[in-house]
Amino acid sequence: MAEVALDAVRRALQEFPAAARDLNVPHAVPHLDEPPSPLCFYRDWVCPNRPCIIHNALQHWPALQKWSLSYLRATVGSTEVSVAVTPDGYADAVRGDRFVMPAERHMPISHVLDVLEGQAQHPGVLYVQKQCSNLSTELHQLLPDVESHVPWASESLGKMPDAVNFWLGEAAAVTSLHKDHYENLYCVISGEKHFLLHPPSDRPFIPYDLYTPATYHLTEEGTFRVVDEEAMDKAKVPGTCLLTVRVLQARGLPSKDLVTSSDCYVTLDLPTASSHTLQTRTVRNSRNPVWNQNFHFRVHRQLKNVVELKVFDQDLLTKDDPVLSILFDVGILQPGESQHQSFSLSTQGDGHLEVEFRLRTLKDCAEQLISNGILVARELCRLHVELKRTGDPKGSESRVKLVVAGACESPQDAAVGTGSFHFHYPACWEQDLNVHLQDDPQEQLTVPLRALPSSQLVRLVFPTSQEPLMRLELKKEEGPKELSVRLGCGICPEEQAFLSKRKQVVAAALKKALQLDQDLQEDEVPVIAVMATGGGIRAMTSLYGQLAGLKELGLLDCVSYITGASGSTWALANLYEDPEWSQKDLAGPTELLKTQVTKSKLGALAPSQLWRYRQELAERASLGHPTCFTNLWALINEALLHDEPHEHKLSDQREALSRGQNPLPIYCALNSKERGLSTFEFGEWCEFSPYEVGFPKYGAFIPSELFGSEFFMGRLVKQLPESRICFLEGIWSNLFAASLQDSLYWASEPSQFWNRWTQDQASLDREQVPQLKIVEPPSTGGRIAEFFTDLLTKRPLAQTTHNFMRGFHFHKDYFHHPHFSTWKATKLDGLPNQLTPMEPHLCLLDVGYFINTSCPPLLQPTRDVDLILSLDYTLHGAFQQLQLVSQFCQEQGIPFPPISPSPEEQCQPQECHMFCDPAQPEAPAVLHFPLVNDSFQDYSAPGVPRTLKEKAAGEVNLSPSNSPYHYTKVTYSQEDVDKLLHLTHYNICNNQERLLEAMRQAVQRRKQCKQRKPE
């Protein structure tokens, strides 16, 4: 009985839309010959939610007669407008499992008209459809041609319109099905518009689902890709507050002067709110100064806002003496709260500084933030400045300095008529444009940028106190919305696609090598990686021999990743110039290697070469690359390894990955501070692949071809040509950026430094960012210690590259983010104002100054590596570097097997050692190949004993002190090259069974993971 009733309800629901249409919805939209009265419009059309077409309502608008494409071109042709661009005309539409929004581009409306008329080409379909009254904000020149509102409609609705929009598009532009929360009046000036309307009774039957938001991204090649916004919140985020810091007074300040009391002032720095250092007035000759001054900052509560207050004693002849430094976390304040803080100068004295903090919410000040939970990008503004001469064009040339403090661009020296200048700066900051006349520094012009109207040209004359010499044309507009930096802690889509292709190659290779009965499913294919250490020419030569051994055994196709550091990167860079290298015999590349390793290296410093270096370095500097010694080393190193310059670039290696035909190479470097801290105190892992360059610690990555370009707040502000790969090889093997302390580590017993590093890590507060930190100036002894610390940590030949993370701020909870927590291992991790995003440049160097390994990229959880083939080229200590990796992972909480060789193995290391940890199933297994000469002394090939004549060929000197393969040796004899190649090739081939068993266990591990997943 109930089922019959339920069927009746179903039939009634299915018939409901048709019945509702018959009763209430006309078959055609009614036409009105003239506009209705306000009362009739509201009663007959607004209240019942019925559409209508009204004729002769806007005949008095001049736009109906004047607006044509030629009129628009003449009136607003040069005006830039926001244009939605889609591949097929469908904006805000469902595509697969994504809700995709259009790409936004700023372009002159004349270009849009050219495309509509077929005079120009542009990828995709263009549609001027910006909301929020774009007619008044972007095309105000057209306002006289229309009314600002429709009087009878405004009276009927009881309000003025919320927005007056201008839409221009072509036939292919389609707006997806949607529901408007506004009453719309649509006036067609030219052309036609088709509407498909559904009555409210259709709503329950229209399919509805939730989709991940995404945006079309228009690439430089003119193709579209869908950028997933799942990890990025691009909506306006409330939380803007006004922070008021009131510096009240100090009591009992110590005197820094010999005779009188100190002349004290206080500085305030809050990098998330202002680029300026604010300062109180100076109170003279007082140990108890009273300032009672207010300072205001606009802060956002989603950011880590740490204000730094410093007390100084002003000196006229010498540098001002620091008295006290305070770090205060604004995050402990609640909106509406006021806190009075008294900061004591010491635990024993009675001196203190009194400050009051107040936080007040600012309404209607929401801000668009993009974050991965570690870094935060804020809205950006772009200022265009053009200088034009006024008066006599033959007058003397006047030069000015243009300054926007806190902008990406440094101060610009400019002459009138020399072109336009651009400044990118955070939209939330209250910045000024300062114009200085260089011939007369007293002549200045300050323009508050917040007061400039958006997207409108503003003209000013300068100077104002005398005959104007120039006219400034200023235009402020929104900066790029989309980030050029990928904020995410997983692997990029390109790497994911590569792995999918590579797994097919690996599955076939494993089936053949392990003689499996069945094909491996995609989720049963293990991820096997080769990890090569550094070691100069020795590492490069040895890696060739070992890869040739893996190739001979048919196991090279089982490898998904190859990572390299220092000298091993040279081998990878050479091999990946050939997109099919791993599918070919390596005899040819090996012979070329022999030629380069055995040749005389004196030609690298010949006068002709030095002249070429000078020319190329000057060209790089003119393009905008920072100058540093590392670039010269890169060119010298290229001459040492090649006969001619190579034009190959890192992004060119993508061709070698296009079908999954080769393993994915990843190159490693360390980022450090230029001075003040050793590499042990501040070293951040940076990885390079053909797809991306980035920092796992910050979850920030850029396309490899953009490395070296200028970025600000995650946006690309100046693209430089991609560097030849030799300049990256110079970074990866950059020994010259070392400080004296790094050199001491390199030349001494590493365990001493590592024991100290472990103690430092234990002493650091690794649980939270300090909410309050008070630092007193050092004593005389402390200053002497600081002097020697500075001397030991200064990098006289520091490497400099434009920092692509520059301008990012930190999320309020960045310190507890799991990825940041995994890789935080520096003294500054709890001090966001001193971390890498605050620096203009990166300082990259060889990983050997911390750990000689390329393992960290393989420890990313998203790469899920099952087996690491560790190829170690160290001459002193067969397990030392791998043990340091294990120690590092243990400190950081990264799954990694303990490296505990027996005393016998330490004294007499074998060719191959297996390390795994059954108690940590998530940890990869490690099959370790140290550089040793064991059975090779007696066998020329696996199972083939040496004859007496061949005994000499098995004697390979691997002594740390007098080996011909020491890292300082840049030229090998033919005999030494052959010995090293044969030894490393033999050590791989002689351990075929152990390799196969390790790979068999990796397959088993992957299958076990598959079985655990449903649980």
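Residues numbered from 1 in each chain as written. Predicted model: local features only at pLDDT ≥ 70, side-chain atom pairs only at ≥ 80, totals over all residues. Heavy atoms only, no water.

Participant: For the overall build of the protein, give the residues involved together with the corresponding values.
Facilitator: Along its length, the protein carries 22 helices and 51 strands. For the protein, the share of sequence-separated contacts (at least 6 apart) that also reach a separation of at least 24 residues comes to 72%. (Helix = DSSP H or I, 4+ residues; strand = E, 2+ residues; numbered from the N terminus. Contact = heavy atoms within 4.5 Å.)

Participant: Can you lay out the pairing of strand β36 (residues 664-671) for me, pointing to particular residues and giving the numbers?
Facilitator: Of all eight residues in β36, eight are buried; the element is thus mostly enclosed. The side-chain alternation of β36 yields two buried faces, one formed by L664, I666, C668 and L670 and the other by P665, Y667, A669 and N671. As paired elements, strand β35 (residues 561-564) and β36 share four bridges and run parallel to each other. Paired with Y561 across the strands is L664, a residue of β36. (Buried < 20%, exposed > 50% of the residue type's maximum accessible area, 1.4 Å probe, protein only. Pairing = 2+ DSSP bridges.)

Participant: Talk me through the nonpolar core; I want residue IDs and the actual numbers.
Facilitator: Residues F688, Y698 and F896 are the most contacted members of the largest nonpolar core, which totals 160 residues. Residues contacting F896, with those up to four places away along its chain left out, are C855, L859, I868, L882, V885, S886, C889, Q920, A923 and V926. (Core = buried A, V, L, I, M, F, W, Y, C linked by side-chain atoms within 4.5 Å.)

Participant: Could you give me a rundown of the packing of aromatic side chains, with the residues and numbers involved?
Facilitator: As enumerated under the stated definition, the model contains 27 aromatic pairs in all. Between the aromatic rings of Y186 and F195, the centroid separation amounts to 5.3 Å while the plane-to-plane angle is 85°, which identifies the pairing as edge-to-face. Look at F195 and you get exposed, because its relative accessible area is 52%. Arranged with centres 5.6 Å apart and planes meeting at 20°, the rings of Y265 and F312 form a pair that is stacked. (Phe/Tyr/Trp six-rings, centres within 6.5 Å; stacked < 30°, edge-to-face > 60°.)

Participant: Residues and numbers for the sheet that holds strand β14 (residues 240-251), please.
Facilitator: Across the sheet, which stays open at both edges, the four strands sit in the order β17-β14-β21-β20 with antiparallel pairing between neighbours. At either end of the open sheet lies a strand with only one pairing partner, and these are β17 (290-300) and β20 (338-344). Here the average twist between neighbouring strands, direction ignored, is 20°. Sheet topology places β20 next to strand β21 (residues 352-361); seven bridges connect them, and they run antiparallel. Bridge pairing in β21 places Q339 opposite F357. (Axes fitted to C-alpha atoms, helices over the stretch in contact; angles between N-to-C directions.)

Participant: Please provide a residue-by-residue account of empty space enclosed by the protein, values included.
Facilitator: As enumerated under the stated definition, the model contains six cavities of 30 Å³ or more in all. Empty space within the largest cavity amounts to approximately 140 Å³. Residue composition of the lining of the largest cavity, grouped by class: six nonpolar, five polar and five charged. If you add up the space inside the second largest cavity, you get close to 120 Å³. Among the secondary structure elements, those contributing two or more residues to the lining of the second largest cavity are α14 (725-732) and β43 (801-802). For the lining of the second largest cavity, the element with the highest residue contribution is α14, accounting for three residues. Broken down by class, the residue content of the lining of the second largest cavity amounts to five nonpolar, eight polar and one charged. (1 Å grid on protein atoms, 1.4 Å probe; cavity = no way out; pocket = protein on both sides within 12 Å on 5 of 7 lines; lining within 4 Å. Points joined across faces, edges and corners; volume = space filled by probe spheres on them. Nonpolar A, V, L, I, M, F, W, Y, C, P; charged D, E, K, R; others polar.)

Participant: Any chance you could break down the side chain of Q609 for me, citing the residues and the numbers?
Facilitator: By the secondary structure assignment, Q609 is in helix α12 (residues 607-623). In this structure Q609 comes out as buried when scored by relative accessible area, which is 18%. For Q609, the residues in contact, after removing those within four places along its chain, are G603, A604 and A639.

Participant: Let's hear about a nonpolar patch on the surface: which residues, and what values?
Facilitator: A cluster of nonpolar side chains, V29, I53, W167, Y186, V188, F195 and L197, forms an exposed patch at the surface whose accessible area comes to about 610 Å². Here F195 lies in the loop between β10 (174-175) and β11 (212-218). (Patch = residues over 30% accessible without salt bridge, like charges linked within 9 Å, V, L, I, M, F, W, Y side chains within 5 Å. Areas by Shrake-Rupley, 256 points an atom, 1.4 Å probe, with all protein chains shown as cover. Salt bridge = Lys/Arg side-chain N within 4 Å of Asp/Glu carboxyl O.)

Participant: Any details on unusual backbone geometry? Residues and values, ideally.
Facilitator: Residue N49 is not a glycine yet carries a positive backbone phi of 55°. Relative accessible area serves as the criterion here: at 53%, N49 is assigned to the exposed category. One non-glycine residue, M713, lies in positive phi territory at about 50°. Positionally, M713 belongs in the loop between β40 (710-712) and β41 (715-718).

Participant: Any details on helix α21 (residues 974-989)? Residues and values, ideally.
Facilitator: When the terminal C-alpha atoms of α21 are compared, their 23 Å separation across 16 residues agrees well with the 22 Å that a helix rising 1.5 Å per residue should span. Turning to α21, its buried residues number three or more, namely D976, V977, K979, L980, L981, L983, T984, Y986, N987, I988 and C989. (Expected span 1.5 Å × (residues − 1).)

Participant: Give me the confidence of the model for the protein: which residues, what numbers.
Facilitator: For the protein, the mean per-residue pLDDT works out to 86, and 90% of the residues sit at or above 70. Per-element averaging of pLDDT across the protein places helix α17 (residues 780-793) at the bottom with 57 and β35 at the top with 98. (pLDDT = per-residue confidence, 0-100.)

Participant: So what about the sheet that holds strand β7 (residues 103-108)? Which residues, and what values?
Facilitator: Taken in spatial order, the four strands make up an open sheet running β7-β3-β8-β9, and their pairing is antiparallel. Strands with a single pairing partner mark the edges of an open sheet, and in this sheet they are β7 and β9 (168-169). As defined by bridge partners, strand β3 (residues 80-86) adjoins strand β8 (residues 125-128) across three bridges and the pair is classed as antiparallel. Residue pairing across strands places V85 opposite L126, the latter belonging to β8. The strands touched by helix α5 (residues 109-116) within the sheet are β3, β7, β8 and β9, with β7 carrying the most contacts at an inclination of about 100°.

Participant: Give me the pairing of β35: which residues, what numbers.
Facilitator: Residues in a regular strand point their side chains to alternate faces of the sheet. Where burial is concerned, the two faces of β35 agree: the one with Y561 and T563 and the one with I562 and G564 are both buried. Note: strand β34 (residues 528-532) against β35, three bridges, orientation parallel. Bridge pairing in β35 links V530 to I562. Handedness of the crossover joining β34 and β35 through helix α9 (residues 536-552): right-handed. (Right-handed = clockwise from strand over helix to strand, strands pointing away.)

Participant: A description of the environment of I988 should follow, citing residues and the corresponding values.
Facilitator: The topology assignment puts I988 in helix α21. I988 gets classed as buried once you look at its relative accessible area, which sits at 1%. Once you skip the residues sitting within four places of it in the chain, I988 turns out to touch Q546, G549, L550, L553, L871, F929 and L995.

Participant: Any details on the packing of helix α13 (residues 629-641) against α14? Residues and values, ideally.
Facilitator: As a packed pair, α13 and α14 sit with axes 8 Å apart at the nearest point and diverge in direction by 105°. One element, α13, and the other, α14, form an angle in the roughly perpendicular class. For the pair α13 and α14, the contacting residues are T630, N631, W633, A634, L635, N637, E638 and L641 in the first and C726, F727, E729, G730 and I731 in the second. Its residues assigned to classes, the contact of α13 with α14 comprises seven nonpolar, four polar and two charged. (Parallel < 35°, antiparallel > 145°, perpendicular 65-115°, else oblique.)

Participant: Let's hear about the pattern of salt bridges: which residues, and what values?
Facilitator: Overall, the coordinates contain 40 salt bridges when judged by the stated rule. A salt bridge links R724 to E638; the nearest nitrogen and oxygen atoms lie 2.5 Å apart. Of this pair, R724 sits in the loop between β41 and α14 while E638 sits in helix α13, placing them 86 residues apart in sequence. Here R724 matches E638 in class, with each residue buried. Here the residues in one salt-bridge network are K388, R459, R471 and E473, joined through shared partners.

Participant: Describe the packing of α12 against α13, listing the residues and the values that go with them.
Facilitator: Where α12 contacts α13, the two axes come as close as 10 Å, and the packing angle between them is 135°. Considering their axes alone, α12 and α13 lie oblique with respect to each other. Between α12 and α13 the crossing geometry is right-handed. Here Q609, R612, Y613, E616, L617 and R620 of α12 lie close against α13, whose contacting residues are N631, L632, L635, I636, E638 and A639. Here the residues of the contact of α12 with α13 are counted per class, giving six nonpolar, two polar and four charged. (Left-handed = near helix turned anticlockwise from the far one by under 90°.)

Participant: I'd like to hear about the environment of P857, residue by residue, with values.
Facilitator: Structurally, P857 is set in the loop between β46 (844-845) and β47 (867-871). Put simply, P857 and P696 are 161 residues apart on the chain and 8.3 Å apart in space, counted from C-alpha to C-alpha.

Participant: Requested: an account of the side chain of T590, with residues and values cited.
Facilitator: Considering the arrangement of structural elements, one finds T590 in helix α11 (residues 587-598). Taking relative accessible area as the criterion, T590 reaches 13% and is therefore assigned buried. Apart from the residues within four sequence positions on either side, T590 is in contact with Y544 and L981.

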